[in-house]
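# Per-entry structural report
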Amino acid sequence: MSVQVIAIDGPAGSGKSSVARALAAALGWSFLDTGAMYRAVTVEALHTGIDVHDVSAMGELARSVKLTTLPRVSVNGRDVEDEIRTETVNEAVSIVAANALVRHQMVRRQREFADEQPLGTVVEGRDITTVVFPNATLKVFLTASLVERSRRRGEEGEASVARRDVADSTRLASPLRQAPDALVLDTTGRKVDDAVEEIMQWLKNQTLS
Ligand code: DC
(Lines give C-alpha, C1' and ligand atoms only; values in the text may rest on other atoms or scores of the structure.)
Protein backbone atom coordinates (compact mmCIF):
# COMPACT_ATOMS: atom_id res chain seq x y z
CA MET A 1 0.00 0.00 0.00
CA SER A 2 1.21 3.52 -0.68
CA VAL A 3 -0.04 5.25 2.47
CA GLN A 4 1.67 4.63 5.80
CA VAL A 5 -0.69 3.52 8.54
CA ILE A 6 -0.19 2.26 12.07
CA ALA A 7 -3.43 0.47 12.97
CA ILE A 8 -4.34 0.12 16.64
CA ASP A 9 -7.31 -1.85 18.00
CA GLY A 10 -8.39 -2.82 21.49
CA PRO A 11 -11.30 -2.65 23.92
CA ALA A 12 -12.60 0.48 25.68
CA GLY A 13 -10.04 1.94 28.08
CA SER A 14 -7.10 -0.09 26.76
CA GLY A 15 -5.23 3.18 26.12
CA LYS A 16 -5.79 3.42 22.36
CA SER A 17 -6.54 7.14 22.20
CA SER A 18 -3.73 8.30 24.50
CA VAL A 19 -1.15 5.96 22.97
CA ALA A 20 -2.20 6.61 19.35
CA ARG A 21 -2.27 10.38 19.87
CA ALA A 22 1.18 10.43 21.50
CA LEU A 23 2.60 8.07 18.89
CA ALA A 24 1.31 10.28 16.05
CA ALA A 25 2.86 13.35 17.72
CA ALA A 26 6.20 11.55 18.16
CA LEU A 27 6.27 10.53 14.48
CA GLY A 28 4.85 13.81 13.14
CA TRP A 29 2.00 11.80 11.60
CA SER A 30 -1.75 12.45 11.63
CA PHE A 31 -4.05 10.83 14.19
CA LEU A 32 -7.54 9.40 13.62
CA ASP A 33 -9.86 8.45 16.49
CA THR A 34 -12.50 6.34 14.71
CA GLY A 35 -14.57 5.84 17.88
CA ALA A 36 -15.11 9.62 17.87
CA MET A 37 -16.61 9.27 14.37
CA TYR A 38 -19.17 6.65 15.51
CA ARG A 39 -19.90 8.83 18.54
CA ALA A 40 -20.38 11.97 16.41
CA VAL A 41 -22.88 10.21 14.12
CA THR A 42 -24.72 9.01 17.24
CA VAL A 43 -24.84 12.56 18.63
CA GLU A 44 -26.23 13.89 15.34
CA ALA A 45 -28.97 11.23 15.30
CA LEU A 46 -29.99 12.10 18.87
CA HIS A 47 -29.85 15.82 18.00
CA THR A 48 -32.02 15.54 14.88
CA GLY A 49 -34.42 12.93 16.25
CA ILE A 50 -33.36 10.03 13.99
CA ASP A 51 -34.04 6.66 15.65
CA VAL A 52 -30.63 4.99 16.18
CA HIS A 53 -32.32 1.62 15.52
CA ASP A 54 -33.47 2.73 12.04
CA VAL A 55 -30.80 0.96 9.97
CA SER A 56 -31.34 2.74 6.64
CA ALA A 57 -31.91 6.23 8.11
CA MET A 58 -28.71 5.84 10.13
CA GLY A 59 -26.85 4.63 7.04
CA GLU A 60 -28.00 7.69 5.09
CA LEU A 61 -26.98 9.97 7.97
CA ALA A 62 -23.51 8.36 8.07
CA ARG A 63 -23.17 8.89 4.30
CA SER A 64 -24.26 12.53 4.18
CA VAL A 65 -23.08 14.06 7.45
CA LYS A 66 -20.12 16.47 7.49
CA LEU A 67 -17.62 15.06 9.99
CA THR A 68 -14.30 16.32 11.33
CA THR A 69 -12.31 14.93 14.25
CA LEU A 70 -9.44 17.43 14.42
CA PRO A 71 -8.73 19.86 15.96
CA ARG A 72 -12.08 19.11 17.64
CA VAL A 73 -14.86 16.68 16.85
CA SER A 74 -17.60 18.43 14.89
CA VAL A 75 -20.65 17.28 13.00
CA ASN A 76 -22.34 19.44 10.36
CA GLY A 77 -20.27 22.35 11.65
CA ARG A 78 -21.38 21.90 15.27
CA ASP A 79 -18.70 21.28 17.93
CA VAL A 80 -19.63 18.02 19.72
CA GLU A 81 -16.28 17.30 21.39
CA ASP A 82 -17.82 17.26 24.88
CA GLU A 83 -21.21 15.81 23.91
CA ILE A 84 -19.72 12.64 22.38
CA ARG A 85 -18.52 11.44 25.83
CA THR A 86 -21.87 11.64 27.66
CA GLU A 87 -23.57 8.59 29.22
CA THR A 88 -26.45 8.84 26.71
CA VAL A 89 -23.96 8.51 23.86
CA ASN A 90 -22.06 5.67 25.60
CA GLU A 91 -25.38 3.79 25.68
CA ALA A 92 -26.46 4.45 22.09
CA VAL A 93 -23.14 4.21 20.24
CA SER A 94 -22.96 0.40 20.38
CA ILE A 95 -26.26 0.23 18.44
CA VAL A 96 -24.92 2.63 15.82
CA ALA A 97 -21.58 0.80 15.58
CA ALA A 98 -23.42 -2.51 14.96
CA ASN A 99 -25.09 -1.07 11.83
CA ALA A 100 -23.30 -2.42 8.71
CA LEU A 101 -24.46 0.53 6.56
CA VAL A 102 -22.97 3.00 9.04
CA ARG A 103 -19.75 0.97 9.21
CA HIS A 104 -19.45 0.95 5.43
CA GLN A 105 -19.57 4.76 5.34
CA MET A 106 -17.15 5.14 8.26
CA VAL A 107 -14.62 2.76 6.69
CA ARG A 108 -14.80 4.71 3.40
CA ARG A 109 -14.18 7.98 5.24
CA GLN A 110 -11.30 6.49 7.26
CA ARG A 111 -9.51 5.25 4.14
CA GLU A 112 -10.04 8.60 2.41
CA PHE A 113 -8.60 10.41 5.44
CA ALA A 114 -5.44 8.25 5.45
CA ASP A 115 -5.06 8.72 1.67
CA GLU A 116 -4.97 12.49 2.11
CA GLN A 117 -2.24 12.63 4.79
CA PRO A 118 1.23 13.70 3.64
CA LEU A 119 3.28 11.40 5.90
CA GLY A 120 1.26 8.74 7.63
CA THR A 121 -1.62 8.19 10.03
CA VAL A 122 -2.01 6.46 13.36
CA VAL A 123 -5.58 5.11 13.32
CA GLU A 124 -7.28 3.59 16.36
CA GLY A 125 -10.57 1.75 16.80
CA ARG A 126 -12.02 -1.78 16.84
CA ASP A 127 -11.77 -3.00 13.22
CA ILE A 128 -8.76 -1.04 12.02
CA THR A 129 -6.29 -3.96 11.92
CA THR A 130 -8.88 -6.46 10.63
CA VAL A 131 -11.10 -4.56 8.17
CA VAL A 132 -10.12 -0.96 7.50
CA PHE A 133 -6.34 -1.34 7.04
CA PRO A 134 -5.53 -5.09 6.93
CA ASN A 135 -2.29 -4.19 5.09
CA ALA A 136 -1.18 -1.52 7.57
CA THR A 137 2.54 -0.86 8.05
CA LEU A 138 2.17 -2.03 11.65
CA LYS A 139 -0.77 -3.58 13.52
CA VAL A 140 -1.09 -3.31 17.29
CA PHE A 141 -3.67 -4.78 19.67
CA LEU A 142 -3.81 -3.03 23.06
CA THR A 143 -5.21 -4.73 26.15
CA ALA A 144 -5.45 -3.95 29.87
CA SER A 145 -7.27 -5.45 32.84
CA LEU A 146 -11.01 -4.63 33.16
CA VAL A 147 -10.33 -2.92 36.52
CA GLU A 148 -7.73 -0.62 35.01
CA ARG A 149 -9.77 0.04 31.86
CA SER A 150 -12.80 1.03 33.98
CA ARG A 151 -10.65 3.29 36.14
CA ARG A 152 -9.41 5.07 33.01
CA ARG A 153 -12.98 5.51 31.80
CA GLY A 154 -13.79 7.35 35.06
CA GLU A 155 -17.51 7.75 35.66
CA GLU A 156 -18.57 5.22 33.02
CA GLY A 157 -18.06 2.36 35.52
CA GLU A 158 -17.03 -1.27 35.25
CA ALA A 159 -20.50 -2.57 34.34
CA SER A 160 -20.86 -0.19 31.39
CA VAL A 161 -17.35 -0.90 30.08
CA ALA A 162 -17.98 -4.65 30.37
CA ARG A 163 -21.33 -4.26 28.58
CA ARG A 164 -19.63 -2.43 25.69
CA ASP A 165 -16.90 -5.09 25.54
CA VAL A 166 -19.57 -7.74 25.00
CA ALA A 167 -21.51 -5.62 22.47
CA ASP A 168 -18.36 -4.72 20.49
CA SER A 169 -16.93 -8.22 20.36
CA THR A 170 -20.11 -10.23 19.71
CA ARG A 171 -21.84 -8.10 17.05
CA LEU A 172 -22.12 -9.53 13.52
CA ALA A 173 -20.67 -6.53 11.68
CA SER A 174 -16.87 -6.30 12.13
CA PRO A 175 -16.64 -7.40 15.77
CA LEU A 176 -13.57 -6.47 17.82
CA ARG A 177 -11.06 -9.24 17.14
CA GLN A 178 -7.34 -9.55 17.53
CA ALA A 179 -5.75 -9.83 14.07
CA PRO A 180 -3.44 -12.87 13.94
CA ASP A 181 -0.51 -10.70 12.84
CA ALA A 182 -1.12 -7.85 15.33
CA LEU A 183 1.50 -7.25 18.02
CA VAL A 184 -0.10 -7.32 21.47
CA LEU A 185 0.70 -4.73 24.11
CA ASP A 186 -0.74 -4.99 27.63
CA THR A 187 -0.89 -1.44 28.99
CA THR A 188 -1.91 -2.42 32.55
CA GLY A 189 0.33 -0.38 34.87
CA ARG A 190 2.29 1.11 31.97
CA LYS A 191 2.82 4.77 31.15
CA VAL A 192 1.74 6.15 27.76
CA ASP A 193 5.32 7.16 26.85
CA ASP A 194 6.53 3.67 27.67
CA ALA A 195 3.92 2.09 25.37
CA VAL A 196 4.78 4.60 22.61
CA GLU A 197 8.47 3.74 22.90
CA GLU A 198 7.73 0.05 22.53
CA ILE A 199 5.59 0.60 19.41
CA MET A 200 8.28 2.88 17.91
CA GLN A 201 10.76 0.05 18.40
CA TRP A 202 8.37 -2.39 16.68
CA LEU A 203 8.00 0.07 13.80
CA LYS A 204 11.77 0.35 13.47
CA ASN A 205 12.15 -3.46 13.42
CA GLN A 206 9.31 -3.77 10.90
CA THR A 207 10.89 -1.22 8.58
CA LEU A 208 14.28 -2.97 8.81
CA SER A 209 12.93 -6.46 8.13
O1 DC B 1 -13.30 3.91 21.28
P2 DC B 1 -14.64 4.48 21.71
O3 DC B 1 -15.11 3.99 23.05
O4 DC B 1 -14.71 5.96 21.59
O5 DC B 1 -15.67 3.87 20.64
C6 DC B 1 -17.03 4.18 20.69
C7 DC B 1 -17.85 3.01 20.18
O8 DC B 1 -17.69 2.84 18.78
C9 DC B 1 -17.51 1.68 20.84
O10 DC B 1 -18.68 1.13 21.40
C11 DC B 1 -17.01 0.81 19.73
C12 DC B 1 -17.37 1.52 18.46
N13 DC B 1 -16.28 1.52 17.48
C14 DC B 1 -16.32 0.58 16.48
O15 DC B 1 -17.23 -0.25 16.46
N16 DC B 1 -15.38 0.58 15.52
C17 DC B 1 -14.38 1.46 15.53
N18 DC B 1 -13.45 1.44 14.56
C19 DC B 1 -14.29 2.41 16.58
C20 DC B 1 -15.26 2.40 17.56
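Summary of the structure given here.

Reading the values: the criteria
Residues numbered from 1 in each chain as written. Predicted model: local features only at pLDDT ≥ 70, side-chain atom pairs only at ≥ 80, totals over all residues. Heavy atoms only, no water. 1 Å grid on protein atoms, 1.4 Å probe; cavity = no way out; pocket = protein on both sides within 12 Å on 5 of 7 lines; lining within 4 Å. Points joined across faces, edges and corners; volume = space filled by probe spheres on them. Helix = DSSP H or I, 4+ residues; strand = E, 2+ residues; numbered from the N terminus. Near = heavy atom within 4 Å. Polar contact = N/O pair within 3.5 Å; in protein donor to acceptor, adjacent residues only side chain to side chain. Areas by Shrake-Rupley, 256 points an atom, 1.4 Å probe, with all protein chains shown as cover. Sits in = over half its atoms within 2 Å of the grid points. Nonpolar A, V, L, I, M, F, W, Y, C, P; charged D, E, K, R; others polar. Buried < 20%, exposed > 50% of the residue type's maximum accessible area, 1.4 Å probe, protein only. Core = buried A, V, L, I, M, F, W, Y, C linked by side-chain atoms within 4.5 Å. Contact = heavy atoms within 4.5 Å. Pairing = 2+ DSSP bridges. Axes fitted to C-alpha atoms, helices over the stretch in contact; angles between N-to-C directions.

Before going further, it helps to spend a moment on the layout of surface pockets. As a volume, the largest pocket reaches approximately 740 Å³. Lining the largest pocket are 39 residues, with G13, S17, R39, R85 and R153 positioned closest to its centre. Among the elements of the structure, α1 (16–27), α2 (34–48), α4 (87–97), β6 (120–125), α7 (146–152), α8 (158–170) and α9 (192–208) are those that each provide at least two residues to the lining of the largest pocket. The space that makes up the second largest pocket amounts to roughly 230 Å³. If you tally residues by element for the lining of the second largest pocket, the top one is helix α5 (residues 100–116), at 5 residues.

A separate point is the site of the ligand. Within the structure, the ligand sits among 17 residues, and R39, R103, R126, D127 and R171 are positioned closest to it. In the model, a nitrogen atom of the ligand is placed 3.0 Å from a nitrogen or oxygen of the T34 side chain. Note that an oxygen atom of the ligand is positioned 2.8 Å from one of the side-chain N or O atoms of R171. Relative to its unbound accessible area of 450 Å², the ligand is 98% covered by the protein chains. Of all the cavities here, the one that holds the ligand is the largest pocket. Taken together, the elements giving at least two residues each to the shell around the ligand come down to α2, α4 and α8. Across the shell around the ligand, the residue classes tally to 4 nonpolar, 4 polar and 9 charged.

Our focus in this paragraph is unusual backbone geometry. The omega angle of the peptide bond from L70 to P71 is 0°, so this bond is cis rather than trans. Note that P71 resides in the loop between β3 (67–68) and β4 (74–75). Residues other than glycine seldom take positive phi values, yet N76 does so here, at roughly 50°. Following the sequence through the fold, N76 ends up in the loop between β4 and β5 (78–79). By relative accessible area, N76 is classed as partly exposed at 44%. The backbone of S174 sits at a positive phi, close to 45°, despite the residue not being glycine. Relative to the assigned elements, S174 resides in the loop between α8 and β8 (183–186).

On to the nonpolar core, then. Ranked by size, the top nonpolar core spans 34 residues in total, and within it V5, V41, M58, L67, M106 and F133 carry the most contacts. Ranked by the residues each element gives to this core, the list is headed by α2, at 7 residues. Setting aside chain neighbours within four positions, we find V5 in contact with W29, A114, T121, V123, F133, A136, T137 and L138. Listed in part, the 18 residues of the second largest apolar core include V19, V140, L185 and V196.

Bringing the environment of A179 into the picture now. Along the chain, A179 falls in the loop between α8 and β8. As for A179 and V102, which are separated by 77 residues in sequence, their C-alpha atoms are 22 Å apart. Once residues within four sequence positions are removed from consideration, A179 is found in contact with T129, T130 and K139.

This brings us to the sheet that holds β6. Reading across from one edge, β2-β6-β1-β7-β8 is the order of the 5 strands in this open sheet, with parallel pairing throughout. Among the strands making up the open sheet, the edge pair consists of β2 (30–33) and β8. Averaged over all pairs of adjacent strands, the angle between their axes in this sheet comes to 20°, without regard to strand direction. Alignment of strand β1 (residues 4–9) against strand β7 (residues 138–143), held across 4 bridges, turns out to be parallel. Bridge assignment links I6 to a residue of β7, and that residue is L138.

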